[in-house]
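Chains, contacts and geometry: an overview
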Amino acid sequence: MKIIMTEVIQLDKESKEIKKSRFYKVGMGFLIISLLTWIIPVAAPFTPFSTAVKAGVITGAIVFAEVMFWAGALLVGKEVAAKYKGYLNPKNWRKEKG
């Protein structure tokens, strides 16, 4: 009976690791999508659409990017999200490592 219980516990631990891995991958995907979505507000002013459409697209893209970032941050954890956000901060680009 003890052998069966330990096998069940081991299977349960393995399934939690797999689920954590999936959440992490989905969260990183959300973070990448968030980063790529920031291209839209930069490119939108150069499109031939009206100003009202451009403003709507830019606003929608910014809101979508932020929602994706925070959803990804929840899935990967706050340490990874803070590290990712630190890489994107221009103040940190010229700092020397070490």
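Since the structure is predicted, the reported quantities are computational estimates derived from the model, not experimental observations. (Residues numbered from 1 in each chain as written. Predicted model: local features only at pLDDT ≥ 70, side-chain atom pairs only at ≥ 80, totals over all residues. Heavy atoms only, no water.)

Before going further, it helps to examine the nonpolar core. As a rule of thumb, soluble globular proteins bury nonpolar side chains together. Core analysis: the largest hydrophobic core is formed by six residues, namely Leu 31, Phe 69, Ala 73, Val 76, Ala 81 and Tyr 84. When contributions to this core are tallied by element, the ones reaching two or more residues are helix H3 (51-76) and helix H4 (78-88). Sort the elements by how many residues they give to this core and H3 lands first, with three residues. Setting aside anything within four residues of it in sequence, one finds Tyr 84 in contact with Leu 31, Ile 32, Leu 35 and Phe 69. (Core = buried A, V, L, I, M, F, W, Y, C linked by side-chain atoms within 4.5 Å. Buried < 20%, exposed > 50% of the residue type's maximum accessible area, 1.4 Å probe, protein only. Helix = DSSP H or I, 4+ residues; strand = E, 2+ residues; numbered from the N terminus. Contact = heavy atoms within 4.5 Å.)

Let us now look at the side chain of Thr 37. Tracing the backbone shows Thr 37 in helix H1 (residues 2-37). Thr 37 sits in the buried class, given a relative accessible area of 8%. Filtering out sequence-adjacent residues up to four positions away, Thr 37 remains in contact with Ala 61, Phe 64 and Ala 65.

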